Amino acid sequence: MNSQAAALKPVAAVSERDMANAIRALAMDSVQKANSGHPGMPMGMADVATVLFSRFINIDPSAPNWPDRDRFVLSAGHGSMLQYALHFLLGYDDMRIEELQRFRQLGSRTAGHPEYGHALGIETTTGPLGQGISTAVGMALAERMLAARHGADLVDHFTYVIAGDGCLQEGISHEAIDLAGHLKLSRLIVFWDDNAISIDGPTSLSTSMDQPARFKAAGWHVQSVDGHDMEAVAAAIEAAQQSDRPSLIACRTMIGKGAPNLGGSEKTHGAPLGDAEIAATRENIGWAYAPFEVPDDILFAWREIAERGQAARHAWEQRLAASPQRQPLESAVAGNLPDTVFEALGAFRKEHVEKATKVATRKASEMALGAINATTDLTVGGSADLTHSNLTITKGMDRIAPDDYAGRYIHYGIREHGMAAAMNGIALHGGFVPYGGTFLCFADYARGAMRLSALMGQRVIYVMTHDSIGLGEDGPTHQPVEHLAMLRATPNLNVFRPADIIETAECWELALKSKNRPSVLVLSRQNLPMLRQAHSVEAHSDEPHSDENRSSQGAYILREPAEHRAVTLIATGSEVEIAVAAAERLETEHRIAAAVVSMPCWELFEEQDADYRKAVLGSAPRIAIEAAARLGWDRWIGDTGAFVGMAGFGASAPAPDLYRHFDITPEAVAAATLKLII
Ligand SMILES: Cc1ncc(C[n+]2csc(CCOP(=O)(O)OP(=O)(O)O)c2C)c(N)n1
Ligand SMILES: [Mg+2]
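Attention here is on the structure that accompanies the text.

Calculation criteria
- Residues numbered from 1 in each chain as written.
- Chains lettered and ligands numbered in written order.
- Predicted model: local features only at pLDDT ≥ 70, side-chain atom pairs only at ≥ 80, totals over all residues.
- Heavy atoms only, no water.
- Donors = N, O, S within 2.8 Å, 3.2 Å for Na, K, Ca; no water.
- Helix = DSSP H or I, 4+ residues; strand = E, 2+ residues; numbered from the N terminus.
- Buried < 20%, exposed > 50% of the residue type's maximum accessible area, 1.4 Å probe, protein only.
- 1 Å grid on protein atoms, 1.4 Å probe; cavity = no way out; pocket = protein on both sides within 12 Å on 5 of 7 lines; lining within 4 Å.
- Points joined across faces, edges and corners; volume = space filled by probe spheres on them.
- Nonpolar A, V, L, I, M, F, W, Y, C, P; charged D, E, K, R; others polar.
- Near = heavy atom within 4 Å.
- Polar contact = N/O pair within 3.5 Å; in protein donor to acceptor, adjacent residues only side chain to side chain.
- Areas by Shrake-Rupley, 256 points an atom, 1.4 Å probe, with all protein chains shown as cover.
- Sits in = over half its atoms within 2 Å of the grid points.
- Pairing = 2+ DSSP bridges.
- Axes fitted to C-alpha atoms, helices over the stretch in contact; angles between N-to-C directions.
- Parallel < 35°, antiparallel > 145°, perpendicular 65-115°, else oblique.
- Left-handed = near helix turned anticlockwise from the far one by under 90°.
- Contact = heavy atoms within 4.5 Å.

## What to know about the coordination of the magnesium ion (ligand 2)
Within the protein, the atoms that donate to the magnesium ion (ligand 2) are D165 (OD), N195 (OD1) and I197 (O), at distances of 2.0 to 2.1 Å. Read from N- to C-terminus, the donor residues coordinating the magnesium ion (ligand 2) fall into the pattern D-x29-N-x1-I. Here the residue D165 occupies a position in helix α7 (residues 165–169), and N195 occupies one in the loop between β3 (188–194) and β4 (197–198), the gap between them amounting to 30 residues. Per residue, the accessibility class of D165 equals that of N195, and both read buried.

## Quick notes on empty space enclosed by the protein
Tallying each qualifying case throughout the model produces two cavities of 30 Å³ or more. Roughly 50 Å³ of volume is contained in the largest cavity. Around the largest cavity, the lining residues are F53, I59, F72, Q83, H87, Y92, G121 and E123. Of the residues belonging to the lining of the largest cavity, the class tally is four nonpolar, three polar and one charged.

## Let's talk about the site of ligand 1
Taken together, 15 residues surround ligand 1, and among them H78, G166, N195, I197 and H269 come closest. At a separation of 2.8 Å, a nitrogen atom of ligand 1 approaches a polar backbone atom of G127. Within the side chain of N195, a nitrogen or oxygen atom sits 2.6 Å from an oxygen atom of ligand 1. Here ligand 1 has 590 Å² of accessible area as a free molecule, and 74% of this is covered by the chains. When atom positions are compared with the pocket grids, ligand 1 is found to occupy the second largest pocket. Within the residue set of the shell around ligand 1, elements represented by two or more residues are α7 and β4. Class assignment for the residues of the shell around ligand 1 results in six nonpolar, seven polar and two charged.

## Observations regarding the pairing of strand β9 (residues 379–383)
Burial of β9 is extensive: five of the five residues sit out of reach of the surface. What you see with β9 is no split at all: T379, G381 and S383 on one side and V380 and G382 on the other are buried throughout. Both β9 and strand β10 (residues 409–411) contribute to a ladder of three bridges, which runs parallel. Pairing of G381 across the sheet is with Y409, part of β10.

## Focus on the environment of A306
Structurally, A306 can be placed in helix α12 (residues 296–321). Counting along the chain gives 216 residues from A306 to L90, while the straight-line C-alpha distance between them is 5.8 Å.

## Some remarks on the environment of R96
Looking at where R96 falls in the secondary structure, it is placed in the loop between α4 (80–90) and α5 (97–101). In this structure, the C-alpha to C-alpha distance between R96 and P518, residues 422 residues apart in sequence, is 32 Å. A distance of 3.2 Å separates a polar side-chain atom of R96 from the backbone oxygen of D93.

## As for the sheet that holds strand β6 (residues 221–226)
Taken together, five strands build an open sheet; the order of strands is β1-β2-β3-β7-β6 and the sheet is parallel. In the strand order of this sheet, the two ends are held by β1 (71–74) and β6, each with one partner. Recorded for the sheet is a direction-independent mean angle of 15° between the axes of neighbouring strands. Where β1 and strand β2 (residues 159–163) come together, four bridges link them in parallel fashion. Bridging across to β2, L74 finds its partner in I162.

## Brief notes about the packing of helix α2 (residues 16–34) against helix α3 (residues 40–56)
Running from amino to carboxyl end, α2 crosses α3 at an angle of 135°, the nearest separation of the two axes being 8 Å. It follows that α2 is oblique to α3 by the angle criterion. Note on packing geometry: the crossing formed by α2 with α3 is right-handed. Within the contact between the two elements, α2 uses E16, R17, M19, A20, I23, R24, A27 and M28 and α3 uses P42, M43, A46, D47, T50, V51, S54 and R55. Looking at the contact of α2 with α3, its residues break down into nine nonpolar, two polar and five charged.

## Digging into the packing of helix α22 (residues 575–590) against helix α27 (residues 666–677)
Two elements in contact, α22 and α27, have axes whose closest approach is 8 Å; the angle formed by their N-to-C orientations is 55°. Compared by their axis directions, α22 and α27 come out oblique. By crossing handedness, the relation of α22 to α27 is classed as right-handed. Two secondary-structure elements touch here, α22 through I578, A581, A582, R585, L586 and H590 and α27 through P666, E667, V669, A670, T673 and L674. Its residues assigned to classes, the contact of α22 with α27 comprises eight nonpolar, two polar and two charged.

## Thoughts on the side chain of T50
By the element assignment, T50 lies in helix α3. Here the side chain of T50 touches A46 through a polar contact of 2.7 Å, landing on its backbone oxygen. Among all residues touching T50, those that are not within four sequence positions of it are E16, M19, A20, I23, R55, M230 and W302.

Here it is, written out as structure tokens:
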């Protein structure tokens, strides 16, 4: 804990109102100093936050990652000064007053919006409205699931959320609220900052929604209180804790509460109050202290909260030490997968190289998952209502149901965005490795939360099947074209597009081992031959199987011609088969030596050293083949290369007809080669 705490002595009895005013003052002063930020929300919600922290929340700033802590999510992330003020007041080691004075400056812990990993105790990144509340649903679900496994004695905490009008207007909130209500996530308590103001002015400009009725309809326990009546807020939290359902506490508040002239106005939402109004606010709330000065007695009252949390943590540690669940719980929270998972995947690859198994990569993924899920129970699967298309469930996976959280398969419903956010929450909570499926095309719907998986560096695994025109008859609405480019453009995201069952198992292994990075597995609907044995260099040895995970380098030479390469064909996923066929045709019909490079993961290939990349790509002209948009491929094919792929949207027809129609065939690749090199 902050060393300042030890020196503090209680001077006088401090009211919670004074404690709340400390938040107000720190928020308005930090925003003023930065000349940027959002004072209105922290000032409006200061009373609610004070009651929550002073009377209820169990966190220990000296052990911010203690597994059974309550989770606090500031979904209305623009009000980040509320969180930073709380952290300073509670005494988080890394949140000294200097950090508040450097609000929103480069390298400070006090980024514009709360960023996971930038400061201790920030449970998730928020700012894109609606993400926080939806991520919190995943956290609350993970809490129930972990409790079902390890017992209420060790896992028993609440997830508290502060959400604004914006969070509840965003579509993702509908998905999250519905899912939480259905699953009866009783440890989830959401405070709605019901100030009826957003940026453009009163919310009546754009909504007539009866929010309490909406939550009730989704199965929530709902209360409405005056958000400045601290006793009423406390009573509501107590009632919410008792409920067997998730709770909404609608808190009627005034934005910018305390500011005598601007309070209640959208003008306080996202701009400094200005020196005159700040002086008037000090007068109005009776805050006689200089900017960034918090008197000792008020600081002491806040630090006492931290001591209560520390005591709760110590008690928990004693229970843990005496529990037979200690080792399993600690190992689950550490998130380390046992070696047996990777041994099983190695055996899986050996078996299927030998059998030359020909299946769709979505099927290969299901088969690999069979091996993975049988050797660890850390993985929890799910799908956005496409379980039997994504092939995400394996034998013996029981479903999660309301009041029954012992299973490990989540029917997320038709809620791609909510699923992605919930998976972020599950990963952030700890104890599980979440994966979830939908069609690749609907990555668009999940995108907001996928971006946060990447930004936060969470091990979330997206199983995205039906990855191209290869899905056939469902047509252009379902056929992704631009999605690979979009996903590859996302920093810190591994996009895997395996070509066969062997690469699929390799890519699963890499995704599971990427502890600080999400992965997308891009998988085919149509069957694909096993390519490794027939064309890899190892085919020339006695032992076709290799322990080496060749996908781990992102790209590798699948087929090297005996003669000096005249062309290098680079492909991913289902188009690797086409590249191989084209290479054979070029050799037999035209005596052109063609190498084939399989490139299941651009990101990992980029991470290889220059020599390896050069050896793989070669110096001959290159042709890339992918049934998707060209965007990005020029990086690999260079100025002298060519691209065989999609130039527009797909069409509705059987897949083989589409490949012919869009000219993604061995013949087309051979023709492109001749054009390029002759
Ligand atoms: C997805 C998304 N869209 C838009 C914004 C920009 N934005 C930030 S705050 C805000 C208004 C939020 O209103 P409310 O939640 O009522 O906050 P309050 O003004 O009450 O603090 C908007 C539109 C955003 N952060 N995220
Ligand atoms: Mg508002």
